[in-house]
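# An overview of the molecular structure
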Amino acid sequence: MNINLRNIIKPYPSPIITGRGVDLDFPMLAGCLALLGLGLVMITSASSEVAAVQSGNTLYMMIRHLVYLVIGLGACIVTMMIPIATWQRLGWLMLIGAFGLLVMVIVPGIGREVNGSMRWIGFGAFNVQPSEIAKVFVVIYLAGYLVRRQKEVRESWMGFFKPFIVLLPMAGLLLMEPDFGATVVMMGAAAAMLFLGGVGLFRFTLMVVLAVAAVTILVQAQPYRMARLITFTDPWSDQFGSGYQLTQALIAFGRGEWLGVGLGNSVQKQFYLPEAHTDFVFSVLAEELGVVGSLCTVALFVFVCVRGMYIGLWAERAKQYFAAYVAYGLSFLWIGQFLINIGVNVGLLPTKGLTLPFLSYGGSSLVICCACLGLLLRIEWESRTHLGSEEMEFSESDFAEEPTHGR
């Protein structure tokens, strides 16, 4: 038997392995790299005081964030090299893995409690947040379901309700941590995917009504959630109690004015604003870079999210429906986290522990965001080159000429 070793070890073509060299969606890549670079700068600034007290090194948080960033970029490269058909085939395994991780995190002795919540699994000096992984796995599973059951989803109630047999138990596990913010983002992305998958307007409206009712019940069921809801409407009524974090964030926005106080000159990061380098890094950014810097950051987020939606649209036009639904779902995850985090920072929403994609300090969030970027870049490349199946036979001649990008 004549076995060609080169064909065995040769990887599948990918945006970074072609006859033309690197073939990426550079606008999307540039937007995300800009956010990652800005995030590294702001983490360095916002965490300096906390890091100096906790470790004696003002750059401690920055170094850890840089390590996460390198791991994240590695994850981005790996996901770019995996054909989308492989993700579609592994959808069920990912769903089982997501349930396994969410069960593990609430098991005493395995889950690690931080600030009263069991949201992390500890691995030595590092913590992994399973909810970040689970949200992406749910998107991949649901995209596969929408492709397999497209007609059933569009025409019958059963096709509409079946995904919730999976989604509701997963939401219950997230609420047991508790992680209300992740639950809202995951269910919101799932609802948007179902709508784009062709669910009728009446069924979609009913789903929205039921979701609003469920959120209302969940808020009223826990006193601390109700207290947050009441406080955020008038944080100054208890500015040294339940409204302390929000009032300090608003002070940061006020101090920033139009052009900011200058990079590194924030006062609020000096132990006035809790979680200044994680959930409230945007407030420190607003203080140091002002309204102009804040709006430029928002514009970058809008560009990246809209670009992600367009990648889904291009995949749909190329009749790669699974890839399209994955792109839509990942974009909605980013949009949900972005809107909630910014809304919390400016006082439009109750305080929630939800990171800002690409910017906030946190290994799990950063690595998963980079992996999602790799998936989107892969989807864009496959839809543009029409190489959406790993069963296709590839040769160098497939990549010999530069195609017209047109985007």
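Computed from a prediction, not measured in an experiment: that's the story for all the values here. (Residues numbered from 1 in each chain as written. Predicted model: local features only at pLDDT ≥ 70, side-chain atom pairs only at ≥ 80, totals over all residues. Heavy atoms only, no water.)

## So, the overall build of the protein chain
Scanning the protein chain for helices and strands turns up 16 helices and three strands. Residues counted as buried form 50% of the 407 residues belonging to the protein chain. Here the contacts in the protein chain between residues at least 6 apart in sequence split such that 70% fall between residues at least 24 apart. When the accessible area of the protein chain is evaluated, it comes to approximately 18,400 Å², of which 68% is carbon and sulfur surface. (Helix = DSSP H or I, 4+ residues; strand = E, 2+ residues; numbered from the N terminus. Buried < 20%, exposed > 50% of the residue type's maximum accessible area, 1.4 Å probe, protein only. Contact = heavy atoms within 4.5 Å. Areas by Shrake-Rupley, 256 points an atom, 1.4 Å probe, with all protein chains shown as cover.)

## Considerations on the packing of helix α14 (residues 281–317) against helix α16 (residues 363–385)
Between α14 and α16, whose axes approach to 9 Å, the crossing angle comes to 35°. As α14 packs across α16, the resulting crossing turns out to be left-handed. Only L376, I379, E380 and S383 of α16 make contact with α14, whose side of the interface consists of I311, W314 and A315. Of the residues that constitute the contact of α14 with α16, the class distribution is five nonpolar, one polar and one charged. (Axes fitted to C-alpha atoms, helices over the stretch in contact; angles between N-to-C directions. Left-handed = near helix turned anticlockwise from the far one by under 90°. Nonpolar A, V, L, I, M, F, W, Y, C, P; charged D, E, K, R; others polar.)

## Concerning the state of the cysteines
Applying the stated rule across the entire model yields zero disulfides. Between C32, a cysteine without a disulfide, and C76, which holds the nearest cysteine sulfur, the sulfur-to-sulfur distance is 8.2 Å. (Disulfide = S-S within 2.5 Å.)

## Thoughts on a nonpolar patch on the surface
Side chains of L59, I63, V67, I71 and F126 sit close together on the surface and give an oily, nonpolar patch of about 390 Å² of accessible area. Considering every element that reaches the nonpolar patch, the biggest residue donor is helix α4 (residues 60–81), with three residues. Here L59 shows up in the loop between α3 (48–55) and α4. A relative accessible area of 37% places L59 in the partly exposed class. (Patch = residues over 30% accessible without salt bridge, like charges linked within 9 Å, V, L, I, M, F, W, Y side chains within 5 Å. Salt bridge = Lys/Arg side-chain N within 4 Å of Asp/Glu carboxyl O.)

## With respect to the packing of aromatic side chains
If you walk through the whole model with that rule in mind, you get eleven aromatic pairs. Measuring from centroid to centroid gives 6.0 Å for F253 and F282, while their planes differ by 50°, and the two rings are tilted. Taken together, the residues F253 in helix α13 (residues 244–256) and F282 in helix α14 connect sequence positions 29 residues apart. For F253, a relative accessible area of 22% corresponds to the partly exposed category. On the basis of an interplanar angle of 40° and a centroid distance of 6.0 Å, the ring pair of Y310 and W314 is categorised as tilted. Pair noted here: Y310 and W314 are both in helix α14, with a separation of four residues, about one helical turn. When the ring centre of W157 is taken as origin, the NZ or CZ atom of R203, which lies over that ring, is 5.6 Å away. (Phe/Tyr/Trp six-rings, centres within 6.5 Å; stacked < 30°, edge-to-face > 60°. Lys NZ or Arg CZ within 6 Å of the ring centre and 35° of its normal.)

## Some points on empty space enclosed by the protein
Within this structure, the stated rule accounts for one cavity of 30 Å³ or more. Its volume calculated, the largest cavity comes out at about 60 Å³. As for the largest cavity, its lining consists of E132, K135, V136, L333, W334, Q337, I368, C369 and C372. Considered class by class, the residues forming the lining of the largest cavity number six nonpolar, one polar and two charged. (1 Å grid on protein atoms, 1.4 Å probe; cavity = no way out; pocket = protein on both sides within 12 Å on 5 of 7 lines; lining within 4 Å. Points joined across faces, edges and corners; volume = space filled by probe spheres on them.)

## Side note on unusual backbone geometry
Here the bond from E177 into P178 is cis, since omega is -5°, no more than 30 degrees from zero. By secondary structure assignment, the location of P178 is in the loop between α9 (157–176) and α10 (180–196). Phi angles above zero are rare outside glycine, and E257 is one such case at about 50°. Following the sequence through the fold, E257 ends up in the loop between α13 and α14.

## Some remarks on the nonpolar core
Of all hydrophobic cores here, the largest spans 98 residues; its most connected members are M28, L330 and W334. It is helix α15 (residues 321–345) that contributes the most residues to this core, 14 residues altogether. (Core = buried A, V, L, I, M, F, W, Y, C linked by side-chain atoms within 4.5 Å.)

## A short note on the sheet that holds strand β3 (residues 126–128)
On the basis of which strands lie adjacent, the open sheet formed by three strands has the order β1-β2-β3 and antiparallel pairing. Bordering the open sheet on either side are β1 (111–114) and β3, each of which pairs with just one other strand. Adjacent strand axes in the sheet meet at a mean angle of 55° when their direction is disregarded. Pairing of β1 with strand β2 (residues 117–123), which is carried by four bridges, proceeds in the antiparallel orientation. Among the inter-strand pairings, V114 is bridged to a residue of β2, identified as S117. Contacts between helix α6 (residues 91–105) and the sheet are confined to β1 and β2, with β2 contributing the most and set at about 105° to the helix. (Pairing = 2+ DSSP bridges.)

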